[in-house]
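# Commentary on secondary and tertiary structure
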Amino acid sequence: MAKDENLPLFATKLAKGRILFQFYSLLIFVGICFIFVYRLSHIPAKKEPGRWAWMGLFFSELWFSFYWFVTTIVRWNPIYRNTFKDRLSHRYEKALPGIDIFVCTADPVIEPPVMVISTVLSVMAYDYPPEKLSVYLSDDGGSDLTFYAMLEASRFSKIWLPFCKKFKVEPRSPEAYFRTAVEPLGEPVMAKDWSTVKKLYEDMKKRIENTTKLGRISEEISKEHKGFNEWIFVASRRDHQTILQILIDGRESEAMDIQGQTLPTLVYLSREKRPQYHHHFKAGAMNALLEMPGFDGNGGPCYIGTGCFHRRETLSGQKYSKIYKADWKRWINRSVEDSTSVLEETCKVLASCSYEENTQWGKEIGLKYDCAVEDVLTGIAMQCRGWRSIYFTPERKGFLGVAPTTLLQSLVQHKRWSEGDFHIFASRHCPFVLGYKKIPLKLQLTYCMNLLWAANCLATLYYVIVPSLCLLRGISLFPEITNSWVLAFVFVIIVHRAYSLGEFVWFGGTFKGWWNDQRMWLYKRTTSYFFGFLDYILKRLGFTNSAFVITTKVAGDDVSQRYEQEVMEFGTSSPMFTILATLALLNAICFVSGLKRVIADVETLVWEKFALHILLCGLLVFINLPIYQGLFFRKDVASLPTSVTYQSTMFALLACAIAVY
């Protein structure tokens, strides 16, 4: 027994393939050095055409090399962790701490209530003592439709939780489970329960979807729970009182499932909102309730807002001390004698607009405010107070989420992230400033991989535009194909991309998936990161204000079908699409012009001088094939609008005309 008490609860292992990656990195470093030697030794003379274009390309390559260095540091020493759940259960089964799980939502249209409660039900079904588990839904949309869905979920949980335990259901999200599971006809007992529970879920889902389509709560439904009376006083989703309802109070004897087992506590909260108060978006909602092996190897992964657990002390502003020891019993033995209704009323003040005024909430306590990526900023602050984070990803994923299914939604989401990340880098919260002598230098550099997303746009746009225009004008920026210096460029390109492809396939991807990933890499850098960088500059100059954009988590059947078929979704006009289309057309024009020049002057071996130019331009054209299809060949509703075609064509021709004349 004593021996078991000393066994570790987890093991740390170095990632496989580290030596191969380090050798590959060394090869790339040598190749980069040769490229820089070429650039510095072949700078055009002062009056020679293309001197400034050459210098610009050199600085772009300097930036790419710096960013490659940062990403290499991140990946230099990745580690993975394995846990021993049996040891944890044996040692702490009766002394496990209480856990509060937060689920956030903000719009019943973009984030449908059915999807939200499926998430809630899945966390309620955790394999954890239910009396120590509390689930909170923070509804920043203040929607009675979401509250109704939560009420339905609280009833269905009495059936769903024992069903999950009895048959060891995986995944425990009812929507995900019934979408993928096959009825167990060979097991009569389970088949009967399976059919019953599935029908109950489908009936509940239909009731919620019908009510959501109606857009309001019927008089009949409003009589089912006193909580609906709160919406009598709601002026709008941005102007309402605190709404707090304890749907399941785990302390009460009635909080039992159909098997007589205790249910987790379930709470609905919509914090107070008034037009005269700033609400700090999701960070404020989270405070009202109070991917990463490389990061882990360098000092600890960053906090990315979801799929994680925190000690309560880390969010309370407390600094870590070597003598610190978690007092789990403090949370286990806490008891509140007040009734559910009294608790609801007394706790509403905690979610009021005035509660945080002139306090340290959002500054030193809880999640940080005034940043679009409050999670990353909060994580940096935690680590600077001495707390350590670790990354753990089990074979069966602990958390599964949904992501945008259309190109524009994805670009908008990355625009917000890149802007917020750059805001951190350019502020006093920069890891090099806030983390000085508090976190390791390699962890400070590791954060730069994400914080400098937005800054990547400048070098990328330059490399996508200028070499192509120089090809159009007949100015060479790369060594001739017969020149030995070309080997450095070809070597870096081939080795870098070959390793990327091999790694992608090794981890279960496909060539097509890798190619789409390269395409999205380019699209994000030339649009999302550009607008994120531009918006940050405009905000610093006082021209724009912060705005939190919720990305759609659900799509129509036709959109979902195109997504499954990997057909790119456009369908609307956007400045981002205009930029993508303009760059695509510009490179197509320059590529055709370059080929024409080579064919016309085949005897003078012009192709030797512009081989790398044509290769780069042709690669960009190939990447942009979906853009050309959306502009000229597709006729469905998801194609690019005519207005984008006209605008991009005009801008591309104008750029080419300026370059030539």
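The preceding data block contains the structure.
Residues numbered from 1 in each chain as written. Predicted model: local features only at pLDDT ≥ 70, side-chain atom pairs only at ≥ 80, totals over all residues. Heavy atoms only, no water.

## A closer look at the packing of helix H3 (residues 51–75) against helix H18 (residues 441–451)
The condition that has to hold: Interaxial angles span 0 to 180 degrees and are taken between N-to-C directions of axes, which are lines fitted to C-alpha atoms, for helices over the stretch in contact. Starting at the N terminus, helices and strands are each numbered in turn, a helix being any DSSP run of H or I of at least four residues and a strand any DSSP run of E of at least two. In what follows, roughly perpendicular refers to angles from 65 to 115 degrees, roughly parallel to angles under 35, roughly antiparallel to angles over 145, and oblique to any angle outside these ranges. Note on convention: near helix rotated counterclockwise from far helix by under a right angle means a left-handed crossing. Clockwise means right-handed. Any two residues whose heavy atoms approach within 4.5 Å are treated as being in contact. Ten residue types, Ala, Val, Leu, Ile, Met, Phe, Trp, Tyr, Cys and Pro, are classed as nonpolar, four, Asp, Glu, Lys and Arg, as charged, and the remainder, Gly among them, as polar.
At a minimum axis distance of 8 Å, the contact between H3 and H18 shows a crossing angle of 120°. With respect to their mutual orientation, H3 and H18 come out oblique. Here the hand of the crossing between H3 and H18 comes out left-handed. Contacts between H3 and H18 involve Tyr67, Val70, Thr71, Ile73 and Val74 from the former and Lys442, Leu445, Thr446, Cys448 and Met449 from the latter. Of the residues assigned to the contact of H3 with H18, the class counts are seven nonpolar, two polar and one charged.

## A look at the pairing of strand S4 (residues 133–139)
The condition that has to hold: Burial classes follow relative accessibility: with a 1.4 Å probe on protein chains only, a residue under 20% of its type's maximum area counts as buried, one over 50% as exposed, and anything between as partly exposed. What makes two strands pair is DSSP finding at least two bridges between them. If the strands point away from the viewer and the path from the first strand over the helix to the second runs clockwise, then the crossover is right-handed.
With respect to burial, S4 is a largely interior element, seven of its seven residues being buried. Taking every second residue as pointing to the same face, both faces of S4 are buried, with Leu133, Val135, Leu137 and Asp139 on one and Ser134, Tyr136 and Ser138 on the other. Judged from the seven bridges that link them, strand S3 (residues 99–105) and S4 form a sheet pairing that is parallel. Following the sheet pairing, Phe102 is matched in S4 by Tyr136. The parallel pair S3 and S4, bridged by helix H5 (residues 113–124), forms a crossover whose chirality is right-handed.

## Observations concerning the packing of aromatic side chains
As a reminder of what qualifies: Stacked, edge-to-face and tilted labels apply to pairs of Phe, Tyr and Trp rings (six-membered ring for Trp) whose centres lie within 6.5 Å, assigned for plane angles under 30 degrees, over 60, and everything in between, in that order. Either the NZ atom of lysine or the CZ atom of arginine qualifies as a charge over a ring when it sits within 6 Å of the ring centre and within 35 degrees of the ring normal.
Under the definition given, this model contains 38 aromatic pairs. Aromatic side chains Trp515 and Phe622 sit 5.3 Å apart centroid to centroid with 50° between the ring planes, which places their arrangement in the tilted category. One end of the pair, Trp515, is in helix H21 (residues 511–540); the other, Phe622, is in helix H24 (residues 606–623), with 107 residues separating them in the sequence. For Trp515, a relative accessible area of 15% puts it in the buried group. With a centroid separation of 5.4 Å and 70° between ring planes, the pair formed by Phe530 and Phe531 is classed as edge-to-face. The rings of Phe156, Trp160, Phe163, Phe167, Tyr177, Phe178, Trp194 and Tyr201 are connected pair by pair, giving a single aromatic cluster. Taking the ring centre of Trp54 as reference, the NZ or CZ of Arg39 above it sits at 4.7 Å.

## Brief notes about the environment of Ser573
Among the secondary structure elements, Ser573 is positioned in the loop between helix H22 (557–564) and helix H23 (575–600). Taking the C-alpha atoms as reference, Ser573 lies 8.8 Å from Thr642; in sequence the two are 69 residues apart. Excluding residues that lie within four positions of it along the chain, Ser573 makes contacts with Pro641, Ser643 and Val644.

## Points about helix H14 (residues 340–347)
What counts here: Of all possible arcs, the one meant is that of the directions from the helix axis to the C-beta atoms.
Those residues of H14 not exposed but buried are Thr340, Leu343 and Glu344. Angularly, the buried residues of H14 cover 100° about the axis, an arc narrow enough to put them on a single face. For H14, the elements touching its buried residues are strand S5 (243–248).

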